Amino acid sequence: MKHHLILCLTLIALTAAAQNKNAPVNYDESQVPAFQVPDLLTCSDGTRIETRRQWQRKRRPELLRLFSEQEYGITPKHTGIKVKYETLASGPALGGLATQKQVRFVFTSPDGQKHEALLLLYLPRNVAGRVPVIIAYNFHGNQTTTLQHDVIFSPSKELMKDAGSGKWVCGEQASRWCYEMALQRGYAVATMCYHDICPDSPTLLSHSVLPIGTHREASDYGTIGIWAWGYSRIADYLQKHERQIDKHRMAVMGHSRLGKTALWAGVQDKRFRVVISNNSGCGGAALSKRVFGENVARITAAFPHWFCPAFNTYSENEAALPFDQHQLLALIAPRHFYVASAQDDQWADPKGEYLSALYASPVYQLYGMQGLPDGPQPPVQQPLHYDAAYHIRTGSHDVTAYDWQCYLDYLDKMLR
Ligand code: GCU
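Values in this document were obtained by computation on a predicted structure and should not be read as measured data. The numbers attached to residues start from 1 for each chain and follow its sequence in the written order. Confidence filtering applies because this is a predicted model: local features only for residues at pLDDT of at least 70, side-chain atom pairs given and counted only at 80 or more, and all residues used for totals across whole chains, interfaces and linings. Computation of side-chain values: all heavy atoms of the structure, hydrogens and water removed.

Helix and strand content of the chain: 11 helices and 10 strands. The atom set for the radius of gyration is the C-alpha atoms, and the globule formula is 2.2 Å times the number of residues raised to the power 0.38. Against the 2.2 N^0.38 benchmark of 22 Å for 416 residues, the chain shows a C-alpha radius of gyration of 21 Å, consistent with a compact globule. When the backbone C-alpha atoms are referred to their principal axes, the chain occupies close to 70 × 55 × 40 Å. For the chain, with 416 residues in total, the buried portion stands at 56%. Contacts are assigned to residue pairs with any non-hydrogen atoms lying within 4.5 Å of each other. Summarising the internal contacts of the chain: among those between residues at least 6 apart in sequence, 71% fall at separations of at least 24. Computed by Shrake-Rupley with a 1.4 Å probe, the accessible areas treat only the displayed protein chains as cover when residues are assessed. About 17,600 Å² of surface is accessible on the chain, with carbon and sulfur atoms providing 53% of the total. When charges are counted, Lys and Arg are positive and Asp and Glu negative, with His and the chain ends excluded. We put the charge of a Lys on NZ, of an Arg on CZ, of an Asp on CG and of a Glu on CD. Across the chain, 42 positive and 38 negative side-chain charges occur, with their mean positions spaced 7 Å apart. Only DSSP runs of H or I with at least four residues qualify as helices, and only runs of E with at least two residues qualify as strands; both kinds are numbered from the N terminus onward. Only protein chains enter the area calculation, which uses a 1.4 Å probe; residues under 20% of their type maximum are buried, those over 50% are exposed, and those in between are partly exposed.

The nearness test applies per residue and asks whether one of its heavy atoms lies within 4 Å of the molecule or strand. Near the ligand you find Ser256, Arg257, Lys260, Glu294, Ile299, Phe303, Trp306, Trp347 and His397, and these make up its full shell. Note on residue categories: nonpolar means Ala, Val, Leu, Ile, Met, Phe, Trp, Tyr, Cys or Pro, charged means Asp, Glu, Lys or Arg, and polar means any other residue, Gly included. The residue inventory of the shell around the ligand, partitioned by class, reads 4 nonpolar, 2 polar and 3 charged.

The description of an aromatic ring pair uses the distance of the two centres, along with the angle that the planes make with each other. Pairing of aromatic side chains here covers Phe, Tyr and the six-membered ring of Trp, requires ring centres within 6.5 Å, and sorts the geometry by plane angle: under 30 degrees stacked, over 60 edge-to-face, intermediate tilted. The tally for this structure, following the rule as stated, stands at 23 aromatic pairs. Where Tyr27 meets Phe292, the ring centres are 6.2 Å apart and the plane angle is 85°; that geometry is what we call edge-to-face. In this pair, Tyr27 is assigned in the loop between α1 (2-21) and α2 (52-72) and Phe292 in the loop between β7 (272-278) and α7 (296-302), connecting sequence segments 265 residues apart. Put simply, the rings of Tyr72, Trp264, Phe303, Trp306, Phe307 and Phe311 touch in pairs and so form one group of aromatic residues. Cation over ring: Arg233 sits above Trp229, and NZ or CZ is 4.9 Å from the ring centre. Only lysine NZ and arginine CZ atoms are considered, and such an atom sits over a ring when it is within 6 Å of the ring centre and within 35 degrees of the ring normal.

The next point concerns the sheet that holds strand β5 (residues 188-193). Spatially, 10 strands are ordered β1-β2-β3-β5-β4-β6-β7-β8-β10-β9 in an open sheet, and the strand pairing comes out mixed. Edge positions in the sheet fall to β1 (82-93) and β9 (384-385), since each has one partner strand and no second. When DSSP locates at least two bridges between a pair of strands, those strands are taken to pair. For β9 and strand β10 (residues 389-393), the ladder comprises 2 bridges, and the chain directions are antiparallel. Each bridged residue has a counterpart across the sheet, and for His385 the counterpart in β10 is Ala389. Every angle, taken between N-to-C directions, lies between 0 and 180 degrees, and every axis is a line fitted to C-alpha atoms, over only the stretch in contact when it is a helix. Contacts from helix α11 (residues 401-415) reach β4 (131-138), β5, β6 (245-255), β7, β8 (336-342), β9 and β10 within the one sheet, and its direction differs from that of β7 by about 160°.

Buried Ala, Val, Leu, Ile, Met, Phe, Trp, Tyr and Cys residues form a nonpolar core when they are joined through side-chain atoms within 4.5 Å. Within the largest apolar cluster, 87 residues are counted, with the highest numbers of intra-cluster contacts made by Trp55, Leu119, Ile135 and Leu238. No other element matches the 10 residues that helix α5 (residues 223-241) contributes to this core. In this view, Trp55 contacts Leu40, Leu41, Ile49, Arg60, Pro61, Leu63, Ala330, Leu331, Val363, Leu366 and Tyr367; residues no more than four positions away in its chain are not counted. In terms of nonpolar packing, the next biggest core, distinct from the first, is built from 33 residues, Trp177, Tyr338, Cys406 and Leu411 among them.

We define a salt bridge as a side-chain nitrogen of Lys or Arg found within 4 Å of a carboxyl oxygen belonging to Asp or Glu. All chains considered together, the criterion is met by 20 salt bridges. Ionic pairing is found between Arg290 and Glu29, a salt bridge with its closest N-O pair at 2.8 Å. Of this pair, Arg290 sits in the loop between β7 and α7 while Glu29 sits in the loop between α1 and α2; the two residues are 261 residues apart in sequence, bridging distant segments of the chain. On the basis of relative accessible area, Arg290 is assigned to the buried category, the value being 2%. By relative accessible area, Glu29 is classed as partly exposed at 38%. The partner of Arg104 in a salt bridge is Glu86, and the shortest N-O contact between them spans 3.0 Å. Of this pair, Arg104 sits in strand β2 (residues 98-108) while Glu86 is found in strand β1, placing the two residues 18 residues apart along the sequence. Judged by relative accessible area, which is 38%, Glu86 ranks as partly exposed. One salt-bridge network, held together by shared partners, links Glu29, Arg290, Asp349 and Lys351.

Positionally, Asn126 belongs in the loop between β3 (114-124) and β4. For Asn126, a relative accessible area of 79% gives the class exposed.

Let's shift gears to the side chain of Gln173. With respect to the element layout, Gln173 can be found in the loop between β4 and α3 (179-184). Residues contacting Gln173, with those up to four places away along its chain left out, are Thr144 and Thr145.

A few words on the side chain of Arg176. Tracing the backbone through its elements, the reader meets Arg176 in the loop between β4 and α3. Here Arg176 is in contact with Phe139, His255, His397, Asp398, Val399 and Trp404, once residues within four sequence places are set aside.

A word on the confidence of the model for the chain. What pLDDT reports is the predictor's confidence in each residue, on a scale of 0 through 100. Looking at the chain, pLDDT values average 95 and 95% of them are 70 or higher. Across residues 1-19, where pLDDT falls below 50, the model places 0 contacts with residues more than four positions away in sequence or in other chains.

This part is about the pairing of β6. The buried fraction of β6 amounts to 9 of the 11 residues, a majority that puts the element mostly inside the structure. By the bridge criterion, 5 bridges tie β4 to β6 in an arrangement that is parallel. Bridged to Ile134 within β6 is Ala251. Where β6 meets β7, 6 bridges bridge the pair, whose relative direction is parallel. For Met253, the partnering residue across the bridge sits in β7 and is Ile276. Assignment of crossover handedness uses the view with strands pointing away from the viewer, where a clockwise path from the first strand over the helix to the second indicates a right-handed crossover. What joins β6 to β7 is helix α6 (residues 257-268), and the crossover it makes is right-handed.

Below you can see the structure in the form of structure tokens.
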């Protein structure tokens, strides 16, 4: 009898999980539920925040805790992991525009396990003094980001089921990496394959630099938490070992799932002066409570390893969320965020991304700064560059030369 009951309950649970994957997706603005975003400046005990000191002392830590415990998981402070660096290649590249460096990171965990990751760094040549840097993960290996044939394949490629596919071919993603443009404008760019830090697959998690088990407690970090931690390890290296890098002018950038990651990294690590989220959508810049495009049910069903298990509670129940993504963006202040959308990327809810960026403004005001000004979503190709920034461009889910141009214009303003 007891066994029968357990079997029934298990079946019910499995069916519920399966149904989640098919939760409806809304693309109709008139079907967006009535919702109120949780107030940025009212604490859980009702205290109203009036000063930046109160924000820093009380509200910011409270919100940071919420995002840690209920969305991305708690980032460990002390991992005991040691990192060693080995320069594998260095020399002129990109027609003499850059000095290229390829650096192997070897992570050793306290139990002696080793993991390798490969950084590709382009430093501008003929620039006197220290330079700002843009740090961004790539999806399929450093070799895909450039047509230069001397770029070593990222080691995680070998783990992947699709390693033989065209996705991993040299230069395949080059259109997303405007290295020349950045270098000509005096920026260094550092990239690494995100799978090197933790493979984006539930069956390969044993290859993660940070340990992640198959069974996780409610607030245990998922892979977004691990990738965000990895962004900080790249910053460590650049800060301590690259004399040409200005450690006070580091920007972190990411596209899509890596845009979600860049935001979470930027919130936690104050060394990132500008945080760029390109088409990050659900669980990134977009407001969850609009339930437009991708929603919590869909994302947690399709990518159960990305968030902490507690986030599943809000599957088909966004109304119950005690926070929303505008508060995540606000945690970056007084540093700067840049949210960018694409018109045809409705899955990522461009309007929800814009509103979230707008609703973060009261915190900039507290700092005597100017977030996005009140008003409707701007038309395409008309960037808003304040202490926080937003643009929407024509086209689909991608990183384009137009995006890079806007980001560099903004970085020129904020980092010079
Ligand atoms: C999927 C996923 C998105 C994610 C995107 C990406 O579409 O649903 O949440 O942003 O992949 O990373 O490309």
